[in-house]
Amino acid sequence: MRAEEIAGYDRAHVWHPYAPMPAGVPPYVVESATGVRLRLADGRELVDGMSSWWSAIHGYRHPVLDAAVTDQLGRMSHVMFGGLTHEPAVTLARTLVALTPPGLEHVFLCDSGSVSVEVAIKMALQYQRGRGRPDKRRLATWRGGYHGDTFHPMSVCDPEGGMHHLWTGVLPRQIFAPAPPDGFDAPLDDAYVATLTDAVARHADELAAVIVEPVVQGAGGMRFHNPGYLRVLREVTAAHDVLLIFDEIATGFGRTGALFAADHAGVTPDVMCLGKALTGGYLTLAAALCTPEVARGISAQGVLAHGPTFMGNPLACAVANASIGLLGAATTPAAASGPGADRDAAAGGWAAAVDRIEAGLRAGLAPLAGAPGVVDVRVLGAIGVVQLDREVDMAAATAAAVAEGVWLRPFRDLIYTMPPYVAADEDVARITRAIGAAALAA
Ligand code: PLP
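Since we're looking at a predicted model, the values are computed, not measured.

**Student:** What am I meant to see in the nonpolar core here?
**Tutor:** Side chains of a nonpolar character, in soluble globular proteins, are inclined to be buried together. Among the nonpolar cores identified, the biggest contains 98 residues, and L92, L96, W142, F253, L408 and I415 are the most heavily contacted of them. Core analysis: the second largest hydrophobic core is formed by 26 residues, I121, C273, A286 and I298 among them.

**Student:** I'm lost on the site of the ligand in this one. Help?
**Tutor:** Around the ligand, a shell composed of S112, G113, S114, Y146, H147, G148, E213, D247, I249, A250 and K276 is seen. In this structure, S114 approaches the ligand through a side-chain N or O atom, which is 2.6 Å from an oxygen atom. Take K276: an N or O atom from its side chain is 2.9 Å from an oxygen atom of the ligand. Surface burial for the ligand is 80%, taken as the share of its 390 Å² of free accessible area covered by protein chains. Considering only residue class, the shell around the ligand consists of 3 nonpolar, 5 polar and 3 charged.

**Student:** Would you mind going over helix 8 (residues 228-239) with me for this structure?
**Tutor:** Each α-helix winds once per 3.6 residues, and so residues spaced three or four apart point in a common direction. Taking 1.5 Å per residue as the helical rise, helix 8 with its 12 residues ought to reach 16 Å, and the 17 Å between its terminal C-alpha atoms agrees with that figure. Looking at the packing, one finds that the buried side of helix 8 touches strand 5 (138-142), helix 7 (190-202), strand 7 (207-212), strand 10 (243-247) and helix 9 (261-265). After helix 8 finishes, the residue D241 shows a positive phi value of roughly 55°.

**Student:** Is there a simple way to think about the packing of helix 14 (residues 394-403) against helix 15 (residues 425-441) in this case?
**Tutor:** Packed helices, taken two at a time, are described by the angle their axes make and the gap between the axes. Two numbers describe how helix 14 lies on helix 15: the axes approach to 8 Å, and their chain directions differ by 145°. Crossing handedness for the pair helix 14 and helix 15: right-handed. Taken together, the residues of helix 15 that come into contact with helix 14 (itself represented by A396, A397, A400 and A401) are A434, A437, A438 and A441.

**Student:** What exactly am I supposed to notice about unusual backbone geometry here?
**Tutor:** Put simply, M21 and P22 share a cis peptide bond, and its omega is -5°. Its place among the elements puts P22 in the loop between helix 1 (3-13) and strand 1 (30-34). The backbone of W53 sits at a positive phi, close to 55°, despite the residue not being glycine. As for its placement among the helices and strands, W53 is situated in helix 2 (residues 51-54). For W53, a relative accessible area of 41% translates into the label partly exposed.

**Student:** What is the right way to read a nonpolar patch on the surface from this model?
**Tutor:** Together, Y18, M163 and L166 make up a nonpolar patch on the protein surface, roughly 330 Å² of accessible area in all. Among the secondary structure elements, Y18 is positioned in the loop between helix 1 and strand 1.

**Student:** In this structure, what is going on with the UniProt feature "binding site: pyridoxal 5'-phosphate" (unreviewed entry) in the protein? I would like to understand it.
**Tutor:** Cross-referencing UniProt, the feature "binding site: pyridoxal 5'-phosphate" (unreviewed entry) maps to G113, S114, D247, P308 and T309 in the present numbering. For the annotated residues, spread through 197 residues, the largest C-alpha to C-alpha distance comes to 22.9 Å, inconsistent with a single compact locus. Along the chain, G113 turns up in helix 5 (residues 113-130). Classification of G113 as buried rests on a relative accessible area of 17%. Leave out the neighbours within four places in its chain, and G113 touches I249 and A286.

**Student:** Where do I start with the sheet that holds strand 16 (residues 414-417) in this structure?
**Tutor:** To summarise the sheet geometry, strands pair through backbone hydrogen bonds and adopt either a parallel or an antiparallel arrangement. Pairing within the open sheet is antiparallel, and its 3 strands lie in the order 13-14-16. One side of each edge strand has no neighbouring strand; the edge strands of this open sheet are strand 13 (374-380) and strand 16. With direction set aside, neighbouring strand axes in the sheet form an average angle of 10°. Pairing of strand 14 (residues 383-388) with strand 16 involves 4 bridges; the strand directions are antiparallel. Across the sheet, residue V386 finds its bridge partner in strand 16, namely I415. Strand contacts of helix 13 (residues 349-365): strand 13, strand 14 and strand 16, with the helix running at about 165° to strand 13, the strand carrying the most contacts. Of the strands in this sheet, strand 14 and strand 16 are in contact with helix 15, which crosses strand 16 at around 170°.

**Student:** What is the right way to look at helix 7 in this model?
**Tutor:** The end-to-end C-alpha distance of helix 7 is 18 Å, a good match for the 18 Å that 13 residues give at a rise of 1.5 Å each. Y192, V193, L196, A199 and V200 are the residues of helix 7 that are buried. Buried positions in helix 7, seen along its axis, are confined to an arc of 130° and lie on one side of it. In helix 7, the exposed positions that point more than 90 degrees away from the buried face belong to D190, A191 and R202. At the N-terminal boundary of helix 7, the capping side chain belongs to D189, with an oxygen 2.9 Å from the backbone nitrogen of A191.

**Student:** So what exactly am I meant to see when it comes to the packing of aromatic side chains here?
**Tutor:** The way to describe two aromatic rings as a pair is by their centre distance and the angle between their planes. Inspection of the entire model under this criterion finds 5 aromatic pairs. Between the aromatic rings of Y28 and W407, the centroid separation amounts to 5.7 Å while the plane-to-plane angle is 75°, which identifies the pairing as edge-to-face. Taken together, the residues span a long stretch of sequence, with Y28 in the loop between helix 1 and strand 1 and W407 in strand 15 (residues 406-407) at a distance of 379 residues. You can call Y28 partly exposed: its relative accessible area is 33%. Measuring from ring centre to ring centre gives 5.3 Å for F253 and F260, while their planes differ by 65°; the resulting arrangement is edge-to-face.

Rules used throughout
Residues numbered from 1 in each chain as written. Predicted model: local features only at pLDDT ≥ 70, side-chain atom pairs only at ≥ 80, totals over all residues. Heavy atoms only, no water. Core = buried A, V, L, I, M, F, W, Y, C linked by side-chain atoms within 4.5 Å. Buried < 20%, exposed > 50% of the residue type's maximum accessible area, 1.4 Å probe, protein only. Near = heavy atom within 4 Å. Polar contact = N/O pair within 3.5 Å; in protein donor to acceptor, adjacent residues only side chain to side chain. Areas by Shrake-Rupley, 256 points an atom, 1.4 Å probe, with all protein chains shown as cover. Nonpolar A, V, L, I, M, F, W, Y, C, P; charged D, E, K, R; others polar. Helix = DSSP H or I, 4+ residues; strand = E, 2+ residues; numbered from the N terminus. Expected span 1.5 Å × (residues − 1). Contact = heavy atoms within 4.5 Å. Axes fitted to C-alpha atoms, helices over the stretch in contact; angles between N-to-C directions. Left-handed = near helix turned anticlockwise from the far one by under 90°. Patch = residues over 30% accessible without salt bridge, like charges linked within 9 Å, V, L, I, M, F, W, Y side chains within 5 Å. Salt bridge = Lys/Arg side-chain N within 4 Å of Asp/Glu carboxyl O. UniProt positions renumbered as here; feature names shortened; annotations may be inferred. Pairing = 2+ DSSP bridges. Arc of directions from axis to C-beta. Phe/Tyr/Trp six-rings, centres within 6.5 Å; stacked < 30°, edge-to-face > 60°.

Printed below as a string of structure tokens:
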């Protein structure tokens, strides 16, 4: 199909995320992608500043990841997980148990981030029922969060940004504390700690769990907070028999400068959700991990009542294993195109890559602080954010970034990036220039 035909049919018939039908703005047609570059059908090449929504941490067509999928294809692409198991899933579970905070020992593999949040919530509800507390069935969170687009996750998204008004009377009513104060390095705010603690304590009798994105609130506003608030949540939830769920779907696998954002706080939640970068962005896969205590509580009652058709998909598990293996390798542009990789995730190659990108983002975005219309510039790990004093004109901002050779997807008043870890210094510099151009155009 020619590019115009693809774009034309797409616009008239194919839904895109958060889009009307037919689409308001035609999408760009991508023909292929290699390393950190997307190649458009018209031949233009764009550095991907979005890592395909936080997932493609090793870039595209990585030889090790391609080989993992191809090898697995030669064995089986899928078998049902009811009554059957296989090495890719078991290896992945073992790796996740080893890498995640100590105490998370049981792994539920599912299809997408939103579904893993559904499973985490189901775990919490069944756990409380298993302990004879069916009255503990509400959730608490803080404002500014995002946990996915299916119904229970939507109920804990930020009530304003999360389009709750569309769903009044449909979504379960959850408990919302104020958003955590801004700033990874900001001192803990005692008044906020008291508010948070009080919100959990006051509702303890009806609360199954507290769910938050640790350290970075992503699609709810790209805000960073002091990891100390996670320790506060750990203490108060434990004191009141309320489970603590960390949604690390966006933050997991090094993005914030720690392998998991929970590691910044040294906290083990009762349940943790992973997704996005789990497969290096190759295939859709997510996981909900829980502690033995949670697993016992659920199993006392019978079974965990969830079992998707594509649970534990072998192709996805195989590429996840390879992607996690690459995290230990020197994640440099050369490694992205070279054969083989160090599979020792403990070696921490990702950390050097994230540090390097963080330095590049800080240097490149610093000049935008104080620029007209810019209210904040913030960087944490391989995440760079420029906040404007107005809603971004998405079409204009995107076009300005594309003219600079970069793919960005701003939202609300935010232009942001989380580049693939294999982005070279020149790529990061180009991304920050494009963010500047997008801010001017927006
Ligand atoms: N939770 C967080 C923190 C996310 O950032 C996202 C996606 O952006 C989700 C959940 C939902 O994941 P998915 O889009 O794979 O359903």
